[in-house]
Amino acid sequence: SQTIHQWPATLVQPVGSPLSLECTVEGTSNPNLYWYRQAAGRGLQLLFYSVGIGQISSEVPQNLSASRPQDRQFILSSKKLLLSDSGFYLCAWSAGLVGATQYFGPGTRLLVL
Amino acid sequence: GENVEQHPSTLSVQEGDSAVIKCTYSDSASNYFPWYKQELGKRPQLIIDIRSNVGEKKDQRIAVTLNKTAKHFSLHITETQPEDSAVYFCAPSTTGGGADGLTFGKGTHLIIQP
């Protein structure tokens, strides 16, 4: 069966510091991968999605970036965090074509101070 | 891109009563209609979905109905229980489409009153 992991689970970072969040999927090949951000009590905002290694599409202009160095690994990064980057970051995967069922990871709660 | 609206934003019902949440969308090409449930502090999880060739789907106390002509679909929960308290999101999309179709509704906070 497929599983999706995210780490760290919780992170407290100062403004201006770098960020690296990691997501890995097991039990499937060539998944579509997604990064979402959820502000407290709010909906899900799609940040990036990837249909293959090295293929990243960005949905929202921001100071974040994403990379997919391996088939089942998706990384969210920032060189300098802003206060507004605080939130719950969720990685998700889907099989086959974009628009299919998405399965979410446990999320990373990021607090920027 | 897809314009998605969910109503109501908050719904409070007595335990045992039914709850209905509606999702309207703008892209007539949408052909996949899922509902996700997110409990406090946890990840969203798919609870039911429907494809555009079907009008209704049921799974025990949960059902989804689709009206493609009017471009809306609804989540129905019968005999509500305390564990149904959560935020529910719809996410209509087009299989094979681009990320324009990956739009989640803003969520409905369902509160089950004992």
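No experiment lies behind these values; they were computed from the predicted model shown. (Residues numbered from 1 in each chain as written. Chains lettered and ligands numbered in written order. Predicted model: local features only at pLDDT ≥ 70, side-chain atom pairs only at ≥ 80, totals over all residues. Heavy atoms only, no water.)

1. What to know about the overall build of chain A
Looking only at helices and strands, chain A features zero helices and 11 strands. Taken against the 2.2 N^0.38 rule, which gives 13 Å for 113 residues, the C-alpha radius of gyration of chain A at 13 Å falls within 12% of a compact globule. In chain A, which comprises 113 residues, the share counted as buried stands at 49%. Counting only contacts in chain A whose residues sit at least 6 apart along the sequence, the fraction spanning at least 24 positions is 55%. Roughly 5,100 Å² of accessible area belongs to chain A as shown, and the carbon and sulfur atoms make up 56% of that amount. Of note, chain A has its 7 positive side-chain charges centred 8 Å away from the centre of its 5 negative side-chain charges. (Helix = DSSP H or I, 4+ residues; strand = E, 2+ residues; numbered from the N terminus. Rg over C-alpha atoms; globule rule 2.2 N^0.38 Å. Buried < 20%, exposed > 50% of the residue type's maximum accessible area, 1.4 Å probe, protein only. Contact = heavy atoms within 4.5 Å. Areas by Shrake-Rupley, 256 points an atom, 1.4 Å probe, with all protein chains shown as cover. Lys, Arg positive; Asp, Glu negative; His and termini not counted. Charge placed at Lys NZ, Arg CZ, Asp CG, Glu CD.)

2. Points about the pattern of salt bridges
A complete count under the given rule lists five salt bridges over all chains for this structure. Residues Arg68(A) and Asp71(A) are paired through a salt bridge, measuring 3.3 Å at the closest nitrogen-oxygen approach. For Arg68(A), a relative accessible area of 3% puts it in the buried group. For Lys57(B), the salt bridge goes to Asp49(B), with nearest N and O atoms at 3.0 Å. On the basis of relative accessible area, Lys57(B) is assigned to the partly exposed category, the value being 37%. (Salt bridge = Lys/Arg side-chain N within 4 Å of Asp/Glu carboxyl O.)

3. Things to note about the layout of surface pockets
Take a probe with the size of a water molecule and roll it over the atoms, and the empty space left behind shows itself. By volume, the largest pocket is sized at about 470 Å³. As for the largest pocket, its lining consists of 22 residues, of which Gln38(A), Gly41(A), Arg42(A), Leu40(B) and Val87(B) are closest to the centre. Of all the elements in the fold, those that place two or more residues in the lining of the largest pocket are strand 9 (87-94) of chain A together with strand 9 (86-90) and strand 10 (108-113) of chain B. Among the elements that line the lining of the largest pocket, the one with the most residues is strand 9 of chain B, at three residues. Looking at the lining of the largest pocket, its residues break down into seven nonpolar, 11 polar and four charged. Of the volumes computed, that of the second largest pocket is approximately 330 Å³. Taken together, 15 residues line the second largest pocket, and the ones lying closest to its centre are Arg42(A), Gly43(A), Leu44(A), Gln45(A) and Lys106(B). Tallied by class, the residues present in the lining of the second largest pocket amount to four nonpolar, eight polar and three charged. (1 Å grid on protein atoms, 1.4 Å probe; cavity = no way out; pocket = protein on both sides within 12 Å on 5 of 7 lines; lining within 4 Å. Points joined across faces, edges and corners; volume = space filled by probe spheres on them. Nonpolar A, V, L, I, M, F, W, Y, C, P; charged D, E, K, R; others polar.)

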